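Coordinates in review
For reference, the chains in residue letters:
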Amino acid sequence: NFFDGVTIGSGLVIGLYLSGNFSYHASLLTVLSVAVGSAISGFMGAWMAERIEQEHRLKRIEEAILSDLRGTLYQRAAQRAPILVGTFNGLSAAAGVGVVAAPFLASLLLGSDPLTGAVASVAVSIASLTGVGLVLERTMRLDPVFAVKRIVAAGLATMLLVLGIDLLIGAL
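Here is what the cut-offs are and how they apply
Residues numbered from 1 in each chain as written. Predicted model: local features only at pLDDT ≥ 70, side-chain atom pairs only at ≥ 80, totals over all residues. Heavy atoms only, no water. Helix = DSSP H or I, 4+ residues; strand = E, 2+ residues; numbered from the N terminus. Buried < 20%, exposed > 50% of the residue type's maximum accessible area, 1.4 Å probe, protein only. 1 Å grid on protein atoms, 1.4 Å probe; cavity = no way out; pocket = protein on both sides within 12 Å on 5 of 7 lines; lining within 4 Å. Points joined across faces, edges and corners; volume = space filled by probe spheres on them. Nonpolar A, V, L, I, M, F, W, Y, C, P; charged D, E, K, R; others polar. Contact = heavy atoms within 4.5 Å. Phe/Tyr/Trp six-rings, centres within 6.5 Å; stacked < 30°, edge-to-face > 60°. Core = buried A, V, L, I, M, F, W, Y, C linked by side-chain atoms within 4.5 Å. Axes fitted to C-alpha atoms, helices over the stretch in contact; angles between N-to-C directions. Parallel < 35°, antiparallel > 145°, perpendicular 65-115°, else oblique. Left-handed = near helix turned anticlockwise from the far one by under 90°. Patch = residues over 30% accessible without salt bridge, like charges linked within 9 Å, V, L, I, M, F, W, Y side chains within 5 Å. Areas by Shrake-Rupley, 256 points an atom, 1.4 Å probe, with all protein chains shown as cover. Salt bridge = Lys/Arg side-chain N within 4 Å of Asp/Glu carboxyl O.

What about the environment of T87?
- Position of T87 relative to the elements: it lies in helix α3 (residues 73-109).
- On the basis of relative accessibility, which here comes to 34%, the residue T87 falls in the partly exposed class.
- Between the C-alpha atoms of T87 and F43, which are 44 residues apart in sequence, the distance is 5.5 Å.

Written as C-alpha cells, this is what we have:
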C-alpha cells in the first residue's frame, strides 16, 4: 500500500500545485485528509482480505486434522493477523502520501517557490516508486528493469492524467 500512497500523493501534489492555491493551511488539511482516507481504505481492504484468507486457512487445517481449533493458539493468531496486516497496510498508504507531499508542504511553510516544492515532490515520488519496484523485484524475483519501469510508469501516468484533467477543466 505504500505504492498506493505514493501514487495518490503524486496526483495530490500535482493537483494542489495546479490549483494555484498555495495556502499552507489548506494544503496541509488536504494532504492530511487524503492520508487519513488512504489509511482507512488500506486498512479495510487488507483487513477484509486477510480475514477471509485466515478463516479459510483455519477451516482447511480443522478439516485436515478433524478437530475444532476454537480457543487455540492457531485460532487466536488467525484473529489477530488481519488486524496487524490491515494496520501495516493502512499506515504504509498514509506514509506514502506524506512522504511525497512533504517537500511541497515544506516549500509552502517556508514561503519558497511552490514549483520547487512540487518538483521536489515529483522527484521523491519517482525515487520512492523506484524503491518499491526494486523491493518487488527482489521479493518476486522479477526482472529489475521490468518491475521498476512498470511501477514508475504508473506514478508518471497518474501525474500526466492530473495534468490532462487540469487542461480539460481549463478548456471548459
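Read on, since the account is not over.
Structural notes on the layout of surface pockets
- What the largest pocket holds in volume is close to 260 Å³.
- Around the largest pocket sit W47, R51, Q54, E55, L58, K59, E62, Q75, A78, Q79 and P82, which together line it.
- The set of elements that each furnish at least two residues to the lining of the largest pocket consists of α2 (24-65) and α3.
- Per element, the largest residue contribution to the lining of the largest pocket is seven residues, and it comes from α2.
- Taken together, the residues that form the lining of the largest pocket break down as four nonpolar, three polar and four charged.

Topic: the side chain of T7
- By secondary structure assignment, the location of T7 is in helix α1 (residues 2-19).
- Setting aside residues up to four positions removed in sequence, T7 forms contacts with L129, A154 and T158.

Some thoughts on the packing of aromatic side chains
- Scanning the model with the defined rule gives one aromatic pair in all.
- The interplanar angle of 35° and the centroid separation of 5.6 Å between the aromatic rings of Y17 and F22 together place this pair among those described as tilted.
- Y17 gets classed as partly exposed once you look at its relative accessible area, which sits at 26%.
- Using a relative accessible area of 35% as the deciding quantity, one classes F22 as partly exposed.

Quick word on the nonpolar core
- Of all hydrophobic cores here, the largest spans 18 residues; its most connected members are V13, V31 and F104.
- Of all the elements in the fold, those that place two or more residues in this core are α1, α2, α3, α4 (114-140) and α5 (144-171).
- Among the elements that line this core, the one with the most residues is α3, at six residues.

What to know about the packing of α1 against α5
- Closest axis-to-axis distance for the α1/α5 pair is 9 Å, and the angle between their directions is 25°. It follows from the interaxial angle that α1 and α5 lie roughly parallel. Remark: the crossing between α1 and α5 carries right-handed chirality. Two secondary-structure elements touch here, α1 through F3, T7, S10, G11, I14, G15 and L18 and α5 through I151, A154, T158, M159, V162, L163 and D166.
- Residues belonging to the contact of α1 with α5 are distributed by class as follows: eight nonpolar, five polar and one charged.

Some remarks on unusual backbone geometry
- Although it is not a glycine, L66 sits at a positive phi angle of roughly 55°.
- Along the polypeptide, L66 turns up in the loop between α2 and α3.
- Classification of L66 as exposed rests on a relative accessible area of 76%.

Thoughts on a nonpolar patch on the surface
- A cluster of nonpolar residues, V36, I40, M44 and M48, forms a patch on the protein surface that exposes about 360 Å² of accessible area.
- Along the polypeptide, M48 turns up in helix α2.
- Judged by its relative accessible area of 44%, M48 is partly exposed.

Description of the pattern of salt bridges
- Under the defined criterion, the tally for this structure stands at three salt bridges.
- For the salt bridge of E55 with R51, the shortest nitrogen-to-oxygen distance reads 3.2 Å. On the criterion of helical spacing, the pair formed by E55 and R51 is a turn pair, its members being four residues apart in helix α2.
- The exposure class of E55 is partly exposed, given its relative accessible area of 38%.
- For R51, a relative accessible area of 41% gives the class partly exposed.
- One salt bridge in this structure joins E53 and R57, with 2.8 Å as the shortest N-O distance. Here the residue E53 and the residue R57 both occupy positions in helix α2, the gap between them amounting to four residues, near one helical turn.

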